[in-house]
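Tertiary structure, described
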Amino acid sequence: MALNLNKNLKLYYSIKEVAAMFGLNESTLRYWETEFPYLKPKTTGSAKVRQYTDKDIEQIRLIYNLVKVRGFKLAAAKKIINSNRNGADKTAEVLTTLIDVKEQLLSLRRQISGLQ
């Protein structure tokens, strides 16, 4: 079996790291944990340090897509997630892919402009 160098070896992320990934405040993530019962990061020690897994980050990505990108209120986002979980997941995945493609195209455009 070949060594996969592209595999993410990090199992847990701090709340600070996750907040930075999405450009959110840590307090926003803590609030979302109270509003969305399936978003429960692992806590360790007496200080209750949050440790987010890749699965937790995917949950946050879905909530972020609905609330921050598409502009839904939290109640509407909960309703969408609860009624059509697979559709909401797929929509978030497609949106993420489109944003990545847009960034790549803009990068190519800047490179082409630099050649002229």
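Above this text sits the structure in question.
Residues numbered from 1 in each chain as written. Predicted model: local features only at pLDDT ≥ 70, side-chain atom pairs only at ≥ 80, totals over all residues. Heavy atoms only, no water.

1. Describing the packing of aromatic side chains
Geometrically, a pair of aromatic rings is defined through the distance of the ring centres and the angle of the planes. The final tally for this structure, using the stated rule, is two aromatic pairs. Ring geometry for Phe 22 versus Tyr 64: centroids 5.5 Å apart, planes at 45°, classification tilted. Highlighted residues: Phe 22 in helix α1 (residues 15-22) and Tyr 64 in helix α3 (residues 54-69), separated in sequence by 42 residues. (Phe/Tyr/Trp six-rings, centres within 6.5 Å; stacked < 30°, edge-to-face > 60°. Helix = DSSP H or I, 4+ residues; strand = E, 2+ residues; numbered from the N terminus.)

2. Comments concerning the packing of α1 against α3
Between α1 and α3, the shortest axis-to-axis distance is 11 Å and the interhelical angle comes to 35°. Crossing of α1 against α3: the hand is right-handed. On α3, the residues touching Val 18, Met 21 and Phe 22 of α1 are Ile 57, Ile 60, Arg 61 and Tyr 64. Along the lines of polarity and charge, the residues of the contact of α1 with α3 split into six nonpolar, no polar and one charged. (Axes fitted to C-alpha atoms, helices over the stretch in contact; angles between N-to-C directions. Left-handed = near helix turned anticlockwise from the far one by under 90°. Contact = heavy atoms within 4.5 Å. Nonpolar A, V, L, I, M, F, W, Y, C, P; charged D, E, K, R; others polar.)

3. Description of a nonpolar patch on the surface
A cluster of nonpolar residues, Val 101, Leu 105 and Leu 108, forms a patch on the protein surface that exposes about 260 Å² of accessible area. Structurally, Leu 108 can be placed in helix α5 (residues 85-115). We classify Leu 108 as partly exposed; its relative accessible area is 46%. (Patch = residues over 30% accessible without salt bridge, like charges linked within 9 Å, V, L, I, M, F, W, Y side chains within 5 Å. Areas by Shrake-Rupley, 256 points an atom, 1.4 Å probe, with all protein chains shown as cover. Salt bridge = Lys/Arg side-chain N within 4 Å of Asp/Glu carboxyl O. Buried < 20%, exposed > 50% of the residue type's maximum accessible area, 1.4 Å probe, protein only.)

4. Quick notes on the layout of surface pockets
By volume, the largest pocket amounts to about 170 Å³. Phe 22, Arg 61, Tyr 64, Thr 96 and Ile 99 are, among the 11 residues lining the largest pocket, the residues nearest its centre. Secondary structure elements with two or more residues in the lining of the largest pocket: α1, α3 and α5. Per-element tally for the lining of the largest pocket: the top contributor is α5, with five residues. For the lining of the largest pocket, the class distribution of residues is seven nonpolar, two polar and two charged. (1 Å grid on protein atoms, 1.4 Å probe; cavity = no way out; pocket = protein on both sides within 12 Å on 5 of 7 lines; lining within 4 Å. Points joined across faces, edges and corners; volume = space filled by probe spheres on them.)

5. Side note on the nonpolar core
Ranked by size, the top nonpolar core spans 20 residues in total, and within it Val 18, Leu 29, Trp 32, Phe 36, Tyr 52, Ile 60 and Ile 63 carry the most contacts. At the level of elements, α1, α2 (26-35), α3 and α4 (74-83) are the ones that each hand at least two residues to this core. Ranked by residue count, the leading element in this core is α3, at six residues. In this structure, Ile 60 is in contact with Val 18, Phe 22, Leu 29, Trp 32, Leu 39 and Tyr 52, ignoring residues within four places of it in sequence. (Core = buried A, V, L, I, M, F, W, Y, C linked by side-chain atoms within 4.5 Å.)

Purely geometric stuff here, so don't read any function into it on its own.
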